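# Overview (structure and organization)
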Amino acid sequence: MTSHPSRGALNPYAGMPEKPGFTLVSTDIQDGEPLPAELYGEGAGGSNRSPQLSWSDFPAETKSFAVTCFDPDAPTGSGFWHWAVANIPASVTDLPAGAGALGGDLLPEGAIMMPNEQREPAFVGAGPPEGTGVHHYWFVVHALDVEHIDIDPQATPAVLGFMMREAVLARAIIVATGEFGGAA
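Residues numbered from 1 in each chain as written. Predicted model: local features only at pLDDT ≥ 70, side-chain atom pairs only at ≥ 80, totals over all residues. Heavy atoms only, no water.

### Details of the sheet that holds strand β3 (residues 64-71)
Taken together, the 5 strands give an open sheet; going across it, the order is β6-β4-β3-β7-β8, and neighbouring strands pair in antiparallel fashion. Two strands lie at the open edges of the sheet, namely β6 (112-113) and β8 (168-178), each paired on one side alone. Bridge count for β3 against strand β7 (residues 135-144) is 7 bridges, and the pairing is antiparallel. Among the inter-strand pairings, Phe70 is bridged to a residue of β7, identified as Trp138. Here helix α1 (residues 157-164) sits on the sheet in contact with β3, β4 (80-89), β7 and β8, set at roughly 45 degrees to β4. (Pairing = 2+ DSSP bridges. Helix = DSSP H or I, 4+ residues; strand = E, 2+ residues; numbered from the N terminus. Contact = heavy atoms within 4.5 Å. Axes fitted to C-alpha atoms, helices over the stretch in contact; angles between N-to-C directions.)

Structure representation (structure tokens):
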């Protein structure tokens, strides 16, 4: 993975084996740019809506995808998982805005959404506490060489990361930013 100035000092993938990248685009978020208000949490003036994501140019041997959103800048000592989806079929190359809604009705068949840090299987929007500066939201599509990650749907996104670590062929990344009052 190459370094990128908008990705902040806290790169959650820095200690992992380097993987090639592929293309990830969104009608809602851009690399290095602030999140739109809708992607903030309800308590921060947003609507907890997950962004639209589309990906291409992934390795030909890809058999499934996982999508995650992580904030390494959260003042927790361990970051904050906003979203994790496993077992997206290789034939699916986009998720519509709102696919992270509770219930996952807009997710493809077979995909499972892991609980976020608030223990809900859904996307939870940004909500940086006052005085914590700019946060970096790592939206990542992981191309995997397995069709299915055998994981308990109640497991955490960190466990998903551990379970899929040997299966990752490539990662596509958009790092958007947010800060206290950003949705106002």
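### Some remarks on the pairing of β3
Counting buried residues in β3 gives 8 out of 8 residues, a clear majority hidden from the surface. Of the two faces of β3, the one holding Ser64, Ala66, Thr68 and Phe70 and the one holding Phe65, Val67, Cys69 and Asp71 are both buried throughout. Relative to β4, β3 is paired through 7 bridges, and the arrangement is antiparallel. For Phe70, the partnering residue across the bridge sits in β4 and is Trp81. (Buried < 20%, exposed > 50% of the residue type's maximum accessible area, 1.4 Å probe, protein only.)

### Side note on the sheet that holds strand β2 (residues 53-56)
The 3 strands lie next to each other as β1-β2-β5, forming an open sheet whose pairing is antiparallel. A strand with exactly one partner marks an edge of an open sheet, and here the two such strands are β1 (23-25) and β5 (94-95). Relative to β2, β1 runs antiparallel, the two being bridged by 3 bridges. Bridge pairing in β2 places Thr23 opposite Ser56.

### Remarks on the pattern of salt bridges
For the structure on display, the rule yields 3 salt bridges. Across the salt bridge formed by Arg49 and Asp28, the nearest N and O atoms sit 3.1 Å from each other. Note that Arg49 is positioned in the loop between β1 and β2 and Asp28 in the loop between β1 and β2, a separation of 21 residues in sequence. Given the relative accessible area of 18%, Asp28 is considered buried. In this structure, Arg165 engages Glu166 in a salt bridge whose closest nitrogen and oxygen atoms are separated by 3.8 Å. Overall, Glu166 belongs to the exposed group, its relative accessible area being 64%. (Salt bridge = Lys/Arg side-chain N within 4 Å of Asp/Glu carboxyl O.)

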